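# Report on the structure
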Amino acid sequence: MLRLLQTLKLNNNLFPVWFMRQAGRYLPEFLEIRFQKKNFLDLCFDPKLSGEIALQPIKRFDLDAIIVFSDILIIPNSLGQKVYYIENVGPVLEPLQKKKLLKVDEYLKFVSKNFKIYNQIKILRKKIKRKAIIGFAGAPWTLATYMLNRGSPKHNFKIRNLDFTEKLIHFLTTFIVFHIQKQIKNGADVIQIFDSWAGLIKKDQLNRFCYHPTKIILSQIKKKFPNIPIICFPRGIGKNYKDFVNIVKPDCISIDQFTNPSWAIDNFNGTPIQGGINPTIFCEEKKDVKKITYKYLNVFKSYPYIFNLGHGIKPHSKIENIKYMVEIIKKNRL
Ligand code: CP3
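A short tour of the structure in this document, coming up. Because the structure is predicted, anything quoted here is derived from the model rather than measured.

## Considering the packing of aromatic side chains
Per the stated rule, a full pass over the model turns up 21 aromatic pairs. Here Phe 40 and Phe 69 contribute two aromatic rings whose centre-to-centre distance is 5.7 Å and whose plane-to-plane angle is 80 degrees, an arrangement assigned as edge-to-face. Of this pair, Phe 40 sits in helix α3 (residues 40-44) while Phe 69 sits in the loop between β1 (65-67) and α5 (74-79), placing them 29 residues apart in sequence. When sorted by exposure, Phe 40 lands in the same class as Phe 69, which is buried. Grouping aromatic residues by their ring pairs yields a cluster made of Phe 15, Tyr 296, Phe 300, Tyr 303, Tyr 305 and Phe 307. Lying across the ring of Trp 197, Arg 235 places its NZ or CZ 4.9 Å from the centre. Here the guanidinium or amino end of Lys 239 rests over the ring plane of Trp 263, the centre of that ring lying 4.8 Å away.

Structure, rendered in structure tokens:
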């Protein structure tokens, strides 16, 4: 069985490894293809190019999982709120207009807008049998922050209308479930839900905007696909990670670099853990990479763990550092 799935399902500690944003700007072969298309979404919707990009990090580092090449913002885009990716700025969304959005029952329209992503997965699955394919979606809260803020909520986010936000989250949940189900039907064998901005939610609203909607997504997916593991990444929620694990009960919990791995082991009731390594490590010296890799191998020696970072690979990462970390992990596998 695939190493990643084995660690997720059987609690074996096989130290699988993959990295968030493993296909991206730090790879010269990505940049070469990137310049062929002006718009980033055109790249995602070209099954030949996107499939090739998804495999680039696998060819270089022989990682244990392929993550579908897409973006969390294809959901707002296909629902009717157009997204533009602007160099050195990031994603910019047109104003959110309720009238322009699909209706909850317009499932077929939604699927037809994204069928090239599902096709990418189908092609990858046919081609590669020995690696896990990770499908993904943004969590409703994180998608809502981009939609309401018309871009990253990094610098200036404030929810103005809690009830509207809740309605929007409810609406998004339905389409996130569709999107995940289609990815599974086309060959994804693991799903990751990115709640990149969960850290912006006040403690007394976490249940309403993060735990509860995520739990609904998990239960809907589990009804149809009980054997597909779901990894959750509620980034930035600090000590509330413990409540998240207890309430949402994901198959695996992805931690950020601010979460102490020993604390996580003590508080997550055996739930497999992923990630946590500071993404800046790949911009440092080789000796630092060695030190941190051995630290994580040691801390997780008797706990199911998937090697990954606390957030995506940074564009200035040194490729030789990534290679070196993967080498150490493989050398020390059980
Ligand atoms: O290798 C992979 O992980 C594959 C695909 C992937 C992308 N985005 C491709 C991408 C995944 C899993 C994502 C998730 C994503 N996208 C998240 C959640 C994870 C996180 O980073 O918190 C978020 C918040 C987004 C939204 C988004 N998309 C931003 C903020 C940006 C611009 C800034 C940046 O990081 O580059 C994007 C664009 C994007 N998504 C690129 C890629 C390869 C770069 C586009 C380009 O080259 O122009």
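The discussion continues.
## Describing a nonpolar patch on the surface
A cluster of nonpolar residues, Tyr 84, Ile 86 and Val 89, forms a patch on the protein surface that exposes about 290 Å² of accessible area. Here Val 89 is to be found in the loop between β2 (83-86) and β3 (90-93). Of the residues examined, Val 89 reaches a relative accessible area of 61% and is grouped as exposed.

## Let's talk about helix α9 (residues 206-224)
Residue pairs three or four apart in sequence face the same way in an α-helix, which turns once every 3.6 residues. The end-to-end C-alpha distance of α9, which contains 19 residues, comes to 27 Å, matching closely the 27 Å that a straight helix rising 1.5 Å per residue would cover. Maximal helix bending in α9 amounts to about 25 degrees, located at His 212; proline Pro 213 follows within four positions. When α9 is considered as a whole, its buried residues turn out to be Leu 206, Phe 209, Cys 210, Tyr 211, Pro 213, Thr 214, Ile 217, Leu 218 and Ile 221. Where α9 is buried, its residues contact α7 (140-149), α8 (162-185), β5 (190-195), β6 (230-234) and α10 (241-248).

## With respect to the site of the ligand
Around the ligand sit 21 residues, and of these Arg 21, Ala 23, Asp 71, Ser 196 and His 311 come closest. Here Asp 71 contributes a side-chain N or O atom positioned 2.7 Å from a nitrogen atom of the ligand. Considered on its own, the ligand offers 860 Å² of accessible surface; in the complex 85% of this is hidden by protein. Of the residues belonging to the shell around the ligand, the class tally is 13 nonpolar, four polar and four charged.

## Some details on the sheet that holds strand β8 (residues 273-275)
Strand order across the open sheet formed by seven strands is β1-β4-β5-β6-β7-β8-β9, with parallel pairing between neighbours. This sheet does not close on itself; its edge strands, each paired only once, are β1 and β9 (305-306). Pairing of β1 with strand β4 (residues 132-138), which is carried by three bridges, proceeds in the parallel orientation. Residue pairing in the sheet places Ile 66 in a bridge with Ile 133 of β4.

## Some words on the side chain of His 179
Checked against the element boundaries, His 179 lands in helix α8. Residue His 179 is classed as buried on the basis of its relative accessible area of 3%. Among the polar contacts made by the side chain of His 179, one reaches the side chain of Tyr 118 at a distance of 2.8 Å. Excluding its chain neighbours within four sequence positions, the residues that come into contact with His 179 are Ile 74, Ile 75, Phe 110, Tyr 118, Phe 136 and Ala 137.

## A closer look at the packing of helix α12 (residues 286-299) against helix α13 (residues 319-331)
It is at 10 Å that the axes of α12 and α13 come closest, and there the two elements cross at 35 degrees. Judged by the twist between their axes, the crossing of α12 over α13 is right-handed. Counting all contacts with α12, which are made through Lys 286, Val 289, Lys 290, Ile 292, Thr 293, Tyr 294 and Leu 297, the residues of α13 involved are Asn 321, Tyr 324, Met 325, Ile 328, Ile 329 and Lys 331. Grouping the constituent residues of the contact of α12 with α13 by class yields eight nonpolar, two polar and three charged.

Reading the values: rules and limits
- Residues numbered from 1 in each chain as written.
- Predicted model: local features only at pLDDT ≥ 70, side-chain atom pairs only at ≥ 80, totals over all residues.
- Heavy atoms only, no water.
- Phe/Tyr/Trp six-rings, centres within 6.5 Å; stacked < 30°, edge-to-face > 60°.
- Helix = DSSP H or I, 4+ residues; strand = E, 2+ residues; numbered from the N terminus.
- Buried < 20%, exposed > 50% of the residue type's maximum accessible area, 1.4 Å probe, protein only.
- Lys NZ or Arg CZ within 6 Å of the ring centre and 35° of its normal.
- Patch = residues over 30% accessible without salt bridge, like charges linked within 9 Å, V, L, I, M, F, W, Y side chains within 5 Å.
- Areas by Shrake-Rupley, 256 points an atom, 1.4 Å probe, with all protein chains shown as cover.
- Salt bridge = Lys/Arg side-chain N within 4 Å of Asp/Glu carboxyl O.
- Expected span 1.5 Å × (residues − 1).
- Bend = angle between axes of the 7 residues up to and from the residue.
- Contact = heavy atoms within 4.5 Å.
- Near = heavy atom within 4 Å.
- Polar contact = N/O pair within 3.5 Å; in protein donor to acceptor, adjacent residues only side chain to side chain.
- Nonpolar A, V, L, I, M, F, W, Y, C, P; charged D, E, K, R; others polar.
- Pairing = 2+ DSSP bridges.
- Axes fitted to C-alpha atoms, helices over the stretch in contact; angles between N-to-C directions.
- Left-handed = near helix turned anticlockwise from the far one by under 90°.

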